[in-house]
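# Remarks on the overall topology
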Amino acid sequence: MSTLADLSLAVEKGKRKDAKEITEALLREDLKPLEIVEQGLVPGMSAIGEKFKNNEVFVPEMLIAARAMKEAMSLLEPLLAQAGIKPKHTVVIGTVMGDLHDIGKNLVAMMLKGANFGVVDLGTNVAPEKFVAAVQEHNAAILCLSALLTTTMPAMKSTVEAVRAAGLTTVKIMVGGAPVTQEYADEIGADGYSADAASAVDKANQLVGA
Amino acid sequence: MSTLSESGRSSASLREVLASDRPLVADGATGTMLQKAGLANGESPERWNLEKPAAIHDLAAGYIAAGSDIIYTNTFGGNRIRLRHAGLDAAHDRVNLEAVRIAREAIAASGRRVFLVASIGPTGEMLDPYGDLSDDDAREAFAGQCAVLAAAGVDGFACETFTAIEEAVLATTCAREAAGDRPVFASMAFDQSGFTMMGVTPEDAIAALFAAGADVVGANCSVGPEVVGPVIGRMAAARPGSLLLAKPNAGMPVVMADGVGYPVAPAEIGSFAARMAGLGARVLGGCCGTTPAHIRAIRESVNAPA
């Protein structure tokens, strides 16, 4: 018999096929989709994220774990939607204008999904007004901005300004990316900074008071 | 020690020159130099091969004047997968051919013997199982670009800034096949940790890339000299006597009063290059943030009597 712990392990190890089969088995055993997400997928992603934070694994392991989770989620998402279950908090995420780097942003997005946040990924080279519109449309609790180039860091500042100027005072803004520091986050008035994708989840949870 | 410029119109091939003990000075940054010349953030540098050829010519001429023995074509993002993101895939052949033509013109105008190597960068996507890109699609993209550049008459290939070993090996293999007798350089980008983003060690890199047919292996981009130095040291220790390549960034960019700047000064890059030459590096240059001034410093430093 498959267990939630088996699913966690399959996700952690990035075993896509196993993750799918175990999810199917758990559904046959009448486990609730939300239970499978919260007690199967989330602990698996959290485990690999912890190892990543400690430099025990690298980006490849994170990527294959996330793909295993995605495989399971593709079975669970329609059921969750049917039952009217939505993630408690929505995050809008994107790489700021002028910057085409997406790996860091993708890692953060998949870790947040893995922690059961609703994630709206706007992609790369995103203009401030597009961030503003998405935060409004999705009533986002958190906005995550990524920049991999020092030359595009100023676009973070202008995005924060645009969001606040639009009267969106409650959305928490997180920033990250290789050249970004806590100091810079403070300087531009962002609410949070994290050094890696796993810490981003901790920060996001902290910001929504979870 | 004489520079190639003083050796006149030597007909020695790049492979023959590499076999001598003489370190070769490559070029510095392309992207950050073009940004200084007005390239917008997020805009494809390769587009300028078609739209601003004079700027690409000037970039090459600047490095040649500073003393480069080798310059790279402006084709880092010139594979079909990457060009698709820039909306340039229909212009694939032209983008690559123009890069060679412009650089050749700059070399001819200088009257110096300068080698032209074809820059081959990553696809920007992740290979399966880490992402959705199939080996076949990646191979097709690299092989297609290498074939155009080989036919256009480059003197060698430089596969650079890879972080995934699988993709670096694919690119190197394609370059090797297209290059015939011409040498292939292969270099990866390392982080502060001493690994690439995808967890590759210098020892893994040198073993896999030589096995894939590279003639010169090394590190480029990679934060700056403080990361490239130890990586080259580890490569030299892993395979003594190997031909190595060091092309570091001028450090990590910092925000300065007048915008963004790179902290490592030309003189520092110059003395670093001499140290790398001592470890067996034969191709010395710079990556992001380096300028003709950095290349001039390398030229002077490797020419200085030991």
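Structure report, in brief. (Residues numbered from 1 in each chain as written. Chains lettered and ligands numbered in written order. Predicted model: local features only at pLDDT ≥ 70, side-chain atom pairs only at ≥ 80, totals over all residues. Heavy atoms only, no water.)

## Examining the sheet that holds strand β3 (residues 115-120) of chain B
Residue and element names in this part refer to chain B.
- One open sheet accounts for eight strands, arranged β1-β10-β7-β6-β5-β4-β3-β2; its pairing is parallel. In this open sheet, the two strands that pair with only one neighbour each are β1 (24-25) and β2 (70-72).
- Sheet topology places strand β5 (residues 184-188) next to strand β6 (residues 216-221); four bridges connect them, and they run parallel. If you follow Ala-186 over to β6, its bridge partner there is Val-217.
- Contacting β3, β4 (156-162) and β5, helix α8 (residues 165-179) crosses the sheet at an angle of about 175° to β4. (Pairing = 2+ DSSP bridges. Helix = DSSP H or I, 4+ residues; strand = E, 2+ residues; numbered from the N terminus. Contact = heavy atoms within 4.5 Å. Axes fitted to C-alpha atoms, helices over the stretch in contact; angles between N-to-C directions.)

## A look at the sheet that holds strand β1 (residues 90-95) of chain A
Residues and elements named next belong to chain A.
- Read across the sheet, five strands follow the order β2-β1-β3-β4-β5 without closing on themselves; strand pairing throughout is parallel. Only two strands of the sheet have a single partner each, and these edge strands are β2 (118-121) and β5 (192-193).
- In this structure, strand β3 (residues 142-146) lies alongside strand β4 (residues 172-176), joined through five bridges in parallel fashion. Opposite Leu-145, over in β4, you have Val-175 as the bridge partner.
- Docked against the sheet, helix α9 (residues 197-207) engages β3, β4 and β5, running at close to 165° with respect to β4.

## Let's talk about the environment of Val100(B)
Residue and element names in this part refer to chain B.
- Residue position: Val-100 is located in helix α6 (residues 92-110).
- The exposure class of Val-100 is buried, given its relative accessible area of 2%.
- Separated by 74 residues in the primary sequence, Val-100 and Cys-174 have C-alpha atoms spaced 18 Å apart.
- Ignoring anything within four residues of it in the chain, the contact list for Val-100 reads Thr-73, Leu-116, Leu-149, Ala-152 and Val-154. (Buried < 20%, exposed > 50% of the residue type's maximum accessible area, 1.4 Å probe, protein only.)

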